[in-house]
Amino acid sequence: MGLRALPRPVAVVVGAGGVLGAAHVGVGYALERHGFTPDMIIGTSVGALNGAIAAAHPDRAAPWLDHVWTRLRRRDVYPLGYLSSRTSVFTDRGLRRLIARAGLPSRIEELAVPFTAVATDLGTGAPVLLDQGDLESALLASAAVPGMLPPVERAGRTLVDGGLTAYVPVLAALQAGAASVVVVATGPESAPLRPAVPRRRAGAIAARAGLLLLHHQIERDLHEVSQHIPTVVLPTGIEAWPAPWDFGQSQRLISTACTTAERFLDGLSISGPGLYRVNDSSATSTGPGKASISSIAEVGL
């Protein structure tokens, strides 16, 4: 059996990814069509916002998020205007408006599904798990990309984007007592890494270096957790990032991720602890709403 064979409690882990957060919506549709409901949700950065909305509306999370993402524009997240401080290029008023319109309760404990947002302590560099208290400040902290959005002061700590220390927060799920994990990531950073030499341009080299940094952090955490519990990584079929401000591709990303994740789930078989995901040669996007899935690999450590 597939998802039904996962031992409970099952945590859905929603990773970072900025504009590619639209892919989370497509994966959400695939999970809902397979009759899956999580026991807890843990999110980082954009994954914290998507995860909180899913935790608030567990019976209709994907349609709710679809409504949000297909109407989202750059000014909704990164509003231009005068700077309110010297700590960031953009203010967080756009995110505050998004959170206010998302039908969320004021406190984390009031969400229908237990939820944790992951942030990073700017002073110590440690990940910070926010599972109680004010929900808005937790989501703003988890999504506070350093330099772009302002840090959040909470409980005497200065908090920024959780993706710095836990881009895919599976370790937080293990710490929270999950008996299995379903990972909802976004794109190229969470797929098996393919050898590539970037073009001899500064931007391409920097992008490749950033991908390597994220990939090694994610792989380390996935392999550590999969030694103890079943760890399912759902593919999205997305292999490239749009521009960070390009929210116009959300519908394509949703459709592609939904089709890709559904094909994967149709063939998923769970047999104890291990890492369950698409192998190196699969999950190739072939256009909007299409993907090629050749096999499923289990890696037990």
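Residues numbered from 1 in each chain as written. Predicted model: local features only at pLDDT ≥ 70, side-chain atom pairs only at ≥ 80, totals over all residues. Heavy atoms only, no water.

(A) Fine view of the overall build of the chain. If you tally the helices and strands in the chain, you get 9 helices and 12 strands. For the chain, buried positions account for 52% of its 301 residues. In the chain, the share of contacts with a sequence separation of at least 24, taken over all contacts with a separation of at least 6, comes to 75%. Split by element, the accessible area of the chain, about 13100 Å² in all, is 55% carbon and sulfur. (Helix = DSSP H or I, 4+ residues; strand = E, 2+ residues; numbered from the N terminus. Buried < 20%, exposed > 50% of the residue type's maximum accessible area, 1.4 Å probe, protein only. Contact = heavy atoms within 4.5 Å. Areas by Shrake-Rupley, 256 points an atom, 1.4 Å probe, with all protein chains shown as cover.)

(B) The arrangement of the packing of helix α1 (residues 22-33) against helix α9 (residues 250-266) in detail. Taken N-terminus to C-terminus, the directions of α1 and α9 make an angle of 40°; their axes are 7 Å apart at the nearest point. Taken together, the axes of α1 and α9 lie oblique to each other. Two packed elements cross with a definite hand, and for α1 against α9 that hand is right-handed. Listed contacts from α9 to A22, A23, V25, G26, V27, Y29, A30, L31 and R33 of α1 are S250, L253, I254, A257, C258, A261, E262 and L265. Looking at the contact of α1 with α9, its residues break down into 13 nonpolar, 2 polar and 2 charged. (Axes fitted to C-alpha atoms, helices over the stretch in contact; angles between N-to-C directions. Parallel < 35°, antiparallel > 145°, perpendicular 65-115°, else oblique. Left-handed = near helix turned anticlockwise from the far one by under 90°. Nonpolar A, V, L, I, M, F, W, Y, C, P; charged D, E, K, R; others polar.)

(C) Quick peek at the pattern of salt bridges. The tally for this structure, following the rule as stated, stands at 8 salt bridges. Where R8 meets D39, a salt bridge forms, and the shortest distance between an N and an O atom there is 2.9 Å. Here D39 lies in the loop between α1 and β2 (40-44) and R8 lies in the segment before β1 (10-14), a separation of 31 residues in the sequence. According to the relative accessible area criterion, R8 is partly exposed, its value standing at 46%. Close ionic contact of R277 with E219 constitutes a salt bridge, the shortest N to O distance being 2.8 Å. Here E219 lies in helix α8 (residues 202-226) and R277 lies in strand β9 (residues 274-278), a separation of 58 residues in the sequence. Per residue, the accessibility class of R277 equals that of E219, and both read buried. (Salt bridge = Lys/Arg side-chain N within 4 Å of Asp/Glu carboxyl O.)

(D) Up close: the packing of aromatic side chains. Applying the stated rule across the entire model yields 1 aromatic pair. Centroid distance W69 to F247: 6.1 Å. Interplanar angle 35°. Geometry classified as tilted. In this pair, W69 sits in helix α3 (residues 61-69) while F247 sits in the loop between β8 (230-234) and α9, placing the two residues 178 residues apart along the sequence. There is no split in this pair, since W69 and F247 are both buried. (Phe/Tyr/Trp six-rings, centres within 6.5 Å; stacked < 30°, edge-to-face > 60°.)

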